[in-house]
Amino acid sequence: MSVRNTEIQAIFNQVADLIEIKGENPFRIRAYREAARIIGGMSEQMAKLVQERQDLTQYRGIGKDLAEKIREIVETGGLNFLDELKADLPQSLLEILAIPELGPKKVAALYHKLGVTTVEELKTAAENGKIAQLDGFGSKSQEKILKSLDQFKKKSAKRMLLAEAEPVAAALEAYMKAQEGIKQASIAGSFRRGKETVGDLDLLATCRRGYENQLMKAFVAFEDVARVDAQGRSKSSVHLRSGLQVDLRIVPQLSYGAALHYFTGSKAHNVAVRKLAMEKGLKINEYGVYQDDKRIAGETEPAVYDAAGLCYIEPELRENMGEIESARVGALPELIKISDIRGDLHAHTRRTDGTGSLEKMAEAAGKYGYEYLAITEHSQKVAVAGGLNEKQVREHLADIDRVNEKINGIRLLKGMEVDIRSDGSLDLADSVLKELDLTVCSVHYHQGLASDKQTERVIRAMDNPWFKILGHPSGRLINRREPMAIDLEAIIEAAGQRGVIIELNAQPDRLDLAHNYCKTAVERGVKLAISTDAHSPGNLKLMRNGVIEARRGWVRCADVINTLGLKTLLQALNRD
DNA sequence: GCCGTTTTCGGCCCGACTGTTTTCAGTCG
């Protein structure tokens, strides 16, 4: 169980990169990338499937050959084929390939003709004017490479958190909408799909006839633009000061739906929809759906789906991870909405590491129309956050009683975020836990245990009947910390058997339980709690981010316990 | 390398922008 899906994914992507530099059959390259994508998005661990001798070719995109290679990776931790490729081509070429402007053909040319194998050698060659002399390159490409190298050093191309991109996107959208002649403007791309992180923003617009050039000019003149990468009649591309790349496309009104679909992606989703359309003798591009060069749809997205024989698919589902098959038979779930949420089940106050008082937290929750807010302070073991011992817990509970008597319209629930100790015991005695309305139990320390030990630890903790909600199950911090080694499949299974609820922590850098596991939980009938883990009154607004992640995980209203009214919620929290 | 109500071969999504290639290849999304 040691090799993870993400490692298999990385190996296949490396193979794809290397054989692309070698100039192999493009479809072979695509097959590796597609398999990498599928494996990366799966919640089942390949290592486990291999162990159970399951037939891996049952998964789309994995045939006989790749199934065999997966088995080799799981059993040996490596891949002979990749080692051979690396012996043939320097691995450092992969770094060069990551530089914008440089694709496989150019990397291969630089390597074969100039002997460039590292980023440093590339820089030297560019500075000495060697690159401009190469066939297929010129002085402009040499300049661009130097510029890209500069950028490349500054930021190692980290994707921005969705929540960080939101204000940028909103400002840009508002700016464009204020321009003369504009009709519509919206952000498409992974931003619209609600991905945890975004690499760039895709802005789509329609305008009155004749305003295209003026709009492009206004776009590249946006105050936050640091440099202009390309500027054409229908497409322009810029980098903002934050490092975020933004593309603007101006499309005809009649193509707006088709373009929105096209630029929302994902690429894999689009390819699959186009393939379906092809089977019906139709052609789909960003301008519309065509039958024998005659446009039959394109102004709206639903019409594009309809033409392909599909019902409308929400952007969050567009990953080609089963949504198309479901849409064909009209079996898509009705996804949860932010308005379904009736309370928040994980929040801290200044009694531990939050900043607000009980009253302020209740007041803020009231603004969202919530019926309840659980105050879940840290337990004693989490000393850095001022965790509470048994005596302090009792004071905390008495405080909540006092505040509940004063406030109207919302009920503060008595909770604790109880640390799961490394032996699987809980950080507070049952005699205290039974006085609470609920517990959120989380791992904070010893996140580095081996997978089987970590899994065992959490399952043992769940055996305690006062364990209600498993908090931030993987411990991941997006862009900062990898998820713990833990068998979340087994955890979900165990939660189902014990009536334990799993949290989807809505902090923008957590979003934990991740969407692919949310989907697994829903399939197994395990209930989720979408919680903000708010450390201030303002943090309660993060619920939105949690709901978006849940939607990406095919979660419906009925799968989430904090869509219940207070009375039914309290019943649902009773395990048995 | 995958896939199949055209099933073991022959397909595999499509277009914009850039630079330098005077007619298009490479890159990107």
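Our subject is the structure listed above.
Here the structure is a predicted model, which is why all the values come from computation and not from measurement.

*Asks:* Which residues make up the packing of helix H1 (residues 5–21) against helix H5 (residues 80–88), and what values go with them?
*Replies:* Across the interface, H1 lies against H5 with an axial gap of 10 Å and an inter-helix angle of 35 degrees. Crossing hand, H1 versus H5: left-handed. Where H1 approaches H5, its residues Ile11, Gln14, Val15, Leu18 and Ile19 are matched on the opposing element by Phe81, Leu82, Leu85 and Lys86. Its residues placed into classes, the contact of H1 with H5 shows seven nonpolar, one polar and one charged.

*Asks:* Report on the packing of aromatic side chains, specifying residues and quantitative values.
*Replies:* Overall, the coordinates contain six aromatic pairs when judged by the stated rule. Considering the side-chain rings of Tyr368 and Tyr370, the 5.6 Å spacing of their centres and the 25 degrees angle between planes classify their relative orientation as stacked. Look at Tyr370 and you get buried, because its relative accessible area is 5%. Joined through ring pairs, the aromatic side chains of Phe12, Tyr32 and Phe81 make up one cluster. When the ring centre of Phe137 is taken as reference, the NZ or CZ atom of Lys106 above it lies at 5.2 Å. The side chain of Lys519 reaches across the aromatic face of Trp554, ending 4.2 Å from its centre.

*Asks:* Can you tell me about the protein's contact with DNA strand B, naming the residues and giving the values?
*Replies:* Neighbouring residues of DNA strand B: 47 residues in total, closest Arg28, Arg30, Gly138, Tyr262 and Arg274. Here the atoms of DNA strand B within 4 Å of the protein split so that 75% fall in sugar or phosphate, with bases taking the remainder. Tyr262 is positioned such that a nitrogen or oxygen atom in its side chain is 2.3 Å from a base nitrogen of DNA strand B. A distance of 2.6 Å is found between a sugar or linking oxygen of DNA strand B and a side-chain nitrogen or oxygen belonging to Arg274. Listing elements by their share of the surface near DNA strand B, those giving two or more residues are helix H2 (26–41), helix H4 (64–76), helix H7 (104–114), helix H9 (139–154), strand E5 (225–231), strand E7 (245–250), helix H14 (267–279) and strand E8 (283–285). Broken down by element, the residue count for the surface near DNA strand B peaks at five residues, all from H2.

*Asks:* Summarise the sheet that holds strand E9 (residues 288–291); cite the residues concerned and give the values.
*Replies:* Spatial ordering of the open sheet is given by E8-E9-E10, a layout of three strands whose pairing is antiparallel. Lying at the two open borders of the sheet, with one neighbouring strand each, are E8 and strand E10 (294–297). Sheet twist, expressed as the average angle between the axes of neighbouring strands with direction ignored, equals 40 degrees. Alignment of E9 against E10, held across three bridges, turns out to be antiparallel. Looking at E10, one finds that Gln291 is bridged to Lys294.

*Asks:* I'd like a rundown of helix H10 (residues 162–177), residues and numbers included.
*Replies:* Owing to its 3.6 residues per turn, the α-helix brings residues three or four apart onto one side. Over its 16 residues, H10 extends 21 Å from the first C-alpha to the last, a length consistent with the 22 Å expected when each residue adds 1.5 Å. Here H10 has its buried residues at Leu162, Ala165, Glu166, Val168, Ala169, Leu172 and Met176.

*Asks:* I'd like to hear about the nonpolar core, residue by residue, with values.
*Replies:* By size, the foremost hydrophobic cluster in this structure holds 60 residues, and its most contacted members are Leu373, Leu412 and Phe467. When neighbours within four sequence positions are excluded, Leu412 is seen to be in contact with Leu358, Ala362, Leu373, Ile375, Ile400, Val403, Asn404 and Ile407. Within the second largest apolar cluster, 53 residues are counted, among which are Ile8, Val74, Phe81 and Ile96.

*Asks:* Go over the side chain of Glu503 with me, naming the residues and quoting the values.
*Replies:* Of note, Glu503 is situated in strand E16 (residues 501–505). Despite its burial, Glu503 pairs with no opposite charge, the nearest such side chain being Arg510 at 6.7 Å. Separated by 2.9 Å, the side chain of Glu503 and the backbone nitrogen of His472 make a polar contact. Excluding residues that lie within four positions of it along the chain, Glu503 makes contacts with His346, Val440, Ile469, Leu470, Gly471, His472, Pro473, Asp512, Leu513, Ala529 and Ser531.

*Asks:* Before we move on, can you summarise the pattern of salt bridges with the specific residues and values?
*Replies:* Here the structure, examined in full by the defined rule, presents 39 salt bridges. Of the charged contacts, one joins Glu325 and Arg60 as a salt bridge, the two residues approaching to 2.9 Å between their closest N and O atoms. Of this pair, Glu325 sits in helix H16 (residues 323–328) while Arg60 sits in the loop between helix H3 (46–51) and H4, and the two are 265 residues apart along the sequence. Residue classification places Glu325 among the partly exposed residues on the basis of a relative accessible area of 42%. Notably, a salt bridge pairs Arg227 with Asp229, separated by 2.7 Å at the nearest N-O pair. Through salt bridges that share partners, Arg351, Lys391, Glu395, Asp399 and Arg402 make up one connected network.

*Asks:* Tell me about the side chain of Asp509, residues and numbers included.
*Replies:* Residue placement: Asp509 occurs in the loop between E16 and helix H22 (515–523). Classification of Asp509 as buried rests on a relative accessible area of 16%. The residues touching Asp509, leaving out its near neighbours within four places in the chain, are Leu161, Arg476, Leu477, Ile478 and Arg480.

*Asks:* Could you give me a rundown of empty space enclosed by the protein, with the residues and numbers involved?
*Replies:* To find the voids left in a structure, one rolls a probe of water-molecule size over its atoms. In the structure shown here, the tally under the stated rule is one cavity of 30 Å³ or more. Size it by volume and the largest cavity reaches roughly 40 Å³. Lining the largest cavity, in full, are Leu162, Ala163, Gly194, Glu196, Pro508, Leu511, Asn545, Ile548 and Glu549. Listing elements by their share of the lining of the largest cavity, those giving two or more residues are H10 and helix H23 (543–552).

*Asks:* Give a detailed account of the pairing of strand E17 (residues 528–531), specifying residues and quantitative values.
*Replies:* By the alternation rule, side chains of E17 split into Leu528 and Ile530 and Ala529 and Ser531, which are all buried. For E16 and E17, the ladder comprises four bridges, and the chain directions are parallel. Paired with Ile502 across the bridge in E17 is Leu528. Crossover connection from E16 via H22 to parallel E17: handedness right-handed.

Rules used throughout
Residues numbered from 1 in each chain as written. Chains lettered and ligands numbered in written order. Predicted model: local features only at pLDDT ≥ 70, side-chain atom pairs only at ≥ 80, totals over all residues. Heavy atoms only, no water. Axes fitted to C-alpha atoms, helices over the stretch in contact; angles between N-to-C directions. Helix = DSSP H or I, 4+ residues; strand = E, 2+ residues; numbered from the N terminus. Left-handed = near helix turned anticlockwise from the far one by under 90°. Contact = heavy atoms within 4.5 Å. Nonpolar A, V, L, I, M, F, W, Y, C, P; charged D, E, K, R; others polar. Phe/Tyr/Trp six-rings, centres within 6.5 Å; stacked < 30°, edge-to-face > 60°. Buried < 20%, exposed > 50% of the residue type's maximum accessible area, 1.4 Å probe, protein only. Lys NZ or Arg CZ within 6 Å of the ring centre and 35° of its normal. Near = heavy atom within 4 Å. Polar contact = N/O pair within 3.5 Å; in protein donor to acceptor, adjacent residues only side chain to side chain. Pairing = 2+ DSSP bridges. Expected span 1.5 Å × (residues − 1). Core = buried A, V, L, I, M, F, W, Y, C linked by side-chain atoms within 4.5 Å. Lys, Arg positive; Asp, Glu negative; His and termini not counted. Salt bridge = Lys/Arg side-chain N within 4 Å of Asp/Glu carboxyl O. 1 Å grid on protein atoms, 1.4 Å probe; cavity = no way out; pocket = protein on both sides within 12 Å on 5 of 7 lines; lining within 4 Å. Points joined across faces, edges and corners; volume = space filled by probe spheres on them. Right-handed = clockwise from strand over helix to strand, strands pointing away.

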